[in-house]
Amino acid sequence: ITALQAFSPCILTVSLILVAAPMAVHIEGTGYRNTFIPMAFLLGAIAISSAPAAIVAIIREYRAQGPVTTTSLSVLALTDILTVIVFATAMGFMGPLAKGTPLSLTGCLTAPLFHIGASLVVGTLSGWILQRVLRQVTSRGPLFISVFGSLLALTGLCELFDFSILLAAMAA
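Residues numbered from 1 in each chain as written. Predicted model: local features only at pLDDT ≥ 70, side-chain atom pairs only at ≥ 80, totals over all residues. Heavy atoms only, no water.

Turning to the packing of aromatic side chains, a few remarks are in order. Under the definition given, this model contains three aromatic pairs. Their ring planes at 70° and their centres at 6.1 Å tell us that phenylalanine 114 and phenylalanine 163 sit as a pair that is edge-to-face. Of this pair, phenylalanine 114 sits in helix H5 (residues 105-134) while phenylalanine 163 sits in the loop between helix H6 (140-161) and helix H7 (165-171), and the two are 49 residues apart along the sequence. With a centroid separation of 5.9 Å and an interplanar angle of 25°, the aromatic rings of phenylalanine 161 and phenylalanine 163 are classed as stacked. By relative accessible area, which is 48% here, phenylalanine 161 ends up partly exposed. Under the relative-accessibility criterion, phenylalanine 163 is labelled buried at 14%. A connected cluster of aromatic rings, assembled from ring pairs, spans Phe114, Phe161 and Phe163. (Phe/Tyr/Trp six-rings, centres within 6.5 Å; stacked < 30°, edge-to-face > 60°. Helix = DSSP H or I, 4+ residues; strand = E, 2+ residues; numbered from the N terminus. Buried < 20%, exposed > 50% of the residue type's maximum accessible area, 1.4 Å probe, protein only.)

Right, let's get into the side chain of serine 119. Its place among the elements puts serine 119 in helix H5. Excluding residues within four positions of it along the chain, serine 119 makes contact with Phe163, Ser164, Leu167 and Ala168. (Contact = heavy atoms within 4.5 Å.)

The periodicity of an α-helix, 3.6 residues per turn, causes residues three or four places apart in sequence to face the same way. When the terminal C-alpha atoms of helix H4 (residues 67-99) are compared, their 47 Å separation across 33 residues agrees well with the 48 Å that a helix rising 1.5 Å per residue should span. If you look at H4, its biggest bend is around 25°, right at phenylalanine 93, and the proline proline 96 turns up within four residues after that. Once H4 ends, the next one or two residues include glycine 100, with phi positive near 85°. (Expected span 1.5 Å × (residues − 1). Bend = angle between axes of the 7 residues up to and from the residue.)

Among the surface-exposed residues, Met39, Leu43, Ile46, Phe87 and Met91 lie close enough to one another that they form a single nonpolar patch of about 400 Å² accessible area. Residue contributions to the nonpolar patch peak at three residues, all from helix H2 (residues 32-47). One can find leucine 43 in helix H2. (Patch = residues over 30% accessible without salt bridge, like charges linked within 9 Å, V, L, I, M, F, W, Y side chains within 5 Å. Areas by Shrake-Rupley, 256 points an atom, 1.4 Å probe, with all protein chains shown as cover. Salt bridge = Lys/Arg side-chain N within 4 Å of Asp/Glu carboxyl O.)

Close contact between H2 and H4 brings their axes to 9 Å; oriented N to C, the two are set at 175°. The angle between H2 and H4 places the two elements in the roughly antiparallel class. Packed against H2, whose contacting residues are Arg33, Asn34, Ile37, Pro38, Phe41, Leu42, Ala45 and Ile46, the element H4 presents Thr83, Val86, Phe87, Ala90, Met91, Met94, Leu97 and Ala98 at the interface. In terms of residue class, the contact of H2 with H4 is built from 13 nonpolar, two polar and one charged. (Axes fitted to C-alpha atoms, helices over the stretch in contact; angles between N-to-C directions. Parallel < 35°, antiparallel > 145°, perpendicular 65-115°, else oblique. Nonpolar A, V, L, I, M, F, W, Y, C, P; charged D, E, K, R; others polar.)

Have a look at this one:
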């Protein structure tokens, strides 16, 4: 479900931009290789994401529970994770392509894979630490403060090292 939902809009967006953008945009110095291909793939990566508001609103309004609700929320979360991963990977490949520098597979994959891996490790460690702390908490006030403080610390750490806040928070 996730692969079909994610890559259908991605492929459609990339295809439409590769066909339509050169016909619509006529700027001197823009070429197919250094402008339209990077633009198409980055916008295609963004097209993978889906808006959770409608699904969450329906679930809350009808107080839905069960396998369909669980599957819908799981697909939604996996789609968001996939969006971050595909966008980071696309940035690794499209940056050198847009600059006109030669592409190397290791150069294009090293930074995105480190970015993704480090975000997942930081998020997982944050979640593990939060789980240990929450075992000691018994009332709602300290629970809220602990979770909020943990998210703030995670956000600050991700900002400091330029990791994905969204991916780290989802891993937590």
